[in-house]
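The residues making up each chain are set out below.
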Amino acid sequence: MNKVVLMGRLTRDPNVTRNNDIALARFTIAVDRQFARRDEQGNAQADFISCKAWRKTAETIEKYVHKGTKILLEGRIETGSYQKDGQTVYTTDVVVDSFEFCEKAGADASGTEYPSSSSSSNYNDNSGFMNIPSSTDDDLPFN
């Protein structure tokens, strides 16, 4: 079985190309090493994983994902090779099947949230939970 699950932040805006109306998004995510030592500035060590997504997934990434966005992705590893100046260059990419956002809309890489048009007025605090008014047991659709 070839399955990969990664969580990280995009290192730059995705590069999206189209060939015969088929979109291909290429991007790199920085994935912190869980048990790695930190450097002098307190930053964790990270791996930089090359990723690509096709078709609708690529179009969604192009529209909503940018540098610094934290995402959780699921996909598979794909290896390949090509010739450059008489040398064989080997490649390893994660082909993204699906992804999810790991932060609220409008949040930047530091976690600071900015107002966005997708913010809901039902959110009354920073907990991320919707404010639902109290009700009596008579309002419940089940017993």
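Refer to the structure presented above.
Cut-offs applied
Residues numbered from 1 in each chain as written. Predicted model: local features only at pLDDT ≥ 70, side-chain atom pairs only at ≥ 80, totals over all residues. Heavy atoms only, no water. Helix = DSSP H or I, 4+ residues; strand = E, 2+ residues; numbered from the N terminus. Buried < 20%, exposed > 50% of the residue type's maximum accessible area, 1.4 Å probe, protein only. Contact = heavy atoms within 4.5 Å. Areas by Shrake-Rupley, 256 points an atom, 1.4 Å probe, with all protein chains shown as cover. Salt bridge = Lys/Arg side-chain N within 4 Å of Asp/Glu carboxyl O. Pairing = 2+ DSSP bridges. Core = buried A, V, L, I, M, F, W, Y, C linked by side-chain atoms within 4.5 Å.

J.: If you had to explain the overall build of the chain to someone new, which residues and values would you point to?
T.: For the chain, the helix and strand inventory stands at one helix and six strands. In the chain, the succession of α and β elements from N to C terminus is β-β-β-β-α-β-β. Expressed as a percentage of its 143 residues, the buried residues of the chain come to 21%. Across the chain, the fraction of contacts at a sequence separation of at least 24, relative to all contacts at a separation of at least 6, is 54%. When the accessible surface of the chain is summed, it comes to about 11000 Å², and 47% of that surface belongs to carbon and sulfur atoms.

J.: Describe the environment of D21, and please don't skip the residues or the numbers.
T.: Mapping D21 onto the fold places it in the loop between β2 (15-19) and β3 (22-32). Residue class for D21 comes out exposed when judged on its relative accessible area of 73%. For the pair formed by D21 and R55, sequence separation is 34 residues and the distance between their alpha carbons is 8.6 Å.

J.: If you had to explain the pattern of salt bridges to someone new, which residues and values would you point to?
T.: When charged atoms on two side chains of opposite charge get close, those side chains can pair. Using the criterion set out here, one finds seven salt bridges in the structure. Between E62 and R18 there is a salt bridge; the shortest N-O distance is 2.7 Å. Placement of the pair is E62 in helix α1 (residues 55-64) and R18 in strand β2, with a sequence separation of 44 residues. For R18, a relative accessible area of 46% translates into the label partly exposed. Between K56 and E59 there is a salt bridge; the shortest N-O distance is 3.8 Å. Of this pair, K56 and E59 both sit in helix α1, three residues apart, which is roughly one turn of that helix. Overall, E59 belongs to the partly exposed group, its relative accessible area being 29%. Salt bridges sharing common partners tie together K52, R76 and E78.

J.: Outline the pairing of strand β5 (residues 70-84), supporting the account with residue identities and numerical values.
T.: Pairing between strand β1 (residues 4-10) and β5: six bridges, direction antiparallel. Its bridge partner lying in β5, R9 is registered against K70. Pairing of β5 with strand β6 (residues 87-101), which is carried by 14 bridges, proceeds in the antiparallel orientation. Opposite G80, over in β6, you have T91 as the bridge partner.

J.: Pulling in residues and values, what's your account of the nonpolar core?
T.: If you look at the biggest cluster of nonpolar residues, it comprises 19 residues, and the most contacted ones within it are F27, I29 and L73. Only β1, β3, β4 (46-54), α1, β5 and β6 provide two or more residues apiece to this core. Counting residues per element, this core draws most heavily on β3, at five residues. Not counting the four nearest positions on each side in its chain, L73 is found in contact with V4, V5, L6, F27, I29, C51, V94, V96, S98 and F99.

Worth remembering: the numbers are spatial, not functional.
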